[in-house]
Amino acid sequence: ASADKNKGQKLYSKYLKAPCGFTGAKMAAKHSQDEWETIHQGGKLADEIKTICPSADGKPLSDKFMDHYFDFFYEYANDSGNVPSCQLEPLFSGSNPSLQRYLAKYLH
């Protein structure tokens, strides 16, 4: 099975959001794409997650999740120009119609 950024996002939300105390988008933005790639290729992704989120432990740091986390972090790294859809939902649920029109026009 190949890795999947959407699965990585779900896994992060399920297992790491609480111990980390912030969204996956914030986590992904901790590094550039090159930095995430270097960390992952060096087999240090679990260590890096643990460094950023000291209370993360056990199952959330399973090897089988690392490729998915990596794809998610890489996709939304601080130099990627991408924003996870979970970050946009609060903007769309607001009561500002002109903002909603702007976002709908320029983000889709």
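Before reading further, recall that the structure is shown in the block above.
Presented here is an overview of the structure given in this document. On a predicted model such as this, the values are computed, not experimentally measured, just so you know.

1. Side note on the overall build of the chain
Scanning the chain for helices and strands turns up 7 helices and 0 strands. Of the regular secondary structure in the chain, the N- to C-terminal order runs α-α-α-α-α-α-α. Evaluated residue by residue, the chain yields a buried proportion of 36% over its 108 residues. When contacts within the chain are restricted to residue pairs at least 6 apart in sequence, long-range pairs at least 24 apart make up 62% of them.

2. Brief notes about the nonpolar core
By size, the foremost hydrophobic cluster in this structure holds 23 residues, and its most contacted members are Y12, L16, L45, I49, Y69 and F73. Only helix 1 (5-20), helix 2 (24-28), helix 3 (33-41), helix 4 (45-52) and helix 5 (63-75) provide two or more residues apiece to this core. By residue number, the principal contributor to this core is helix 5, which donates 6 residues. Here Y12 is in contact with K17, C20, F22, T23, G24, M27, Y69, F72 and F73, once residues within four sequence places are set aside.

3. Focus on the packing of aromatic side chains
Tallying each qualifying case throughout the model produces 9 aromatic pairs. Relative to F72, the ring of Y12 lies with its centre 6.3 Å away and its plane at 45°, an arrangement referred to as tilted. Residue Y12 is located in helix 1, and its partner F72 is located in helix 5; the two are separated by 60 residues in the primary sequence. Of the two residues, Y12 and F72, both sit in the buried class. One aromatic cluster is present, built from ring pairs that chain together Y12, Y15, W36, F65, Y69, F72, F73 and Y76.

4. Some remarks on the packing of helix 3 against helix 4
Think of two packed helices as two axes; the pair is described by the angle between the axes and how far apart they sit. Where helix 3 contacts helix 4, the axes come no closer than 7 Å and their chain directions differ by 120°. Taken as axis vectors, helix 3 and helix 4 run oblique relative to one another. Contacts between helix 3 and helix 4 involve W36, I39 and H40 on the former and, on the latter, L45, E48 and I52. Taken together, the residues of the contact of helix 3 with helix 4 break down into 4 nonpolar, 1 polar and 1 charged.

About the cut-offs
Residues numbered from 1 in each chain as written. Predicted model: local features only at pLDDT ≥ 70, side-chain atom pairs only at ≥ 80, totals over all residues. Heavy atoms only, no water. Helix = DSSP H or I, 4+ residues; strand = E, 2+ residues; numbered from the N terminus. Buried < 20%, exposed > 50% of the residue type's maximum accessible area, 1.4 Å probe, protein only. Contact = heavy atoms within 4.5 Å. Core = buried A, V, L, I, M, F, W, Y, C linked by side-chain atoms within 4.5 Å. Phe/Tyr/Trp six-rings, centres within 6.5 Å; stacked < 30°, edge-to-face > 60°. Axes fitted to C-alpha atoms, helices over the stretch in contact; angles between N-to-C directions. Parallel < 35°, antiparallel > 145°, perpendicular 65-115°, else oblique. Nonpolar A, V, L, I, M, F, W, Y, C, P; charged D, E, K, R; others polar.

Keep in mind these values describe shape, not function.
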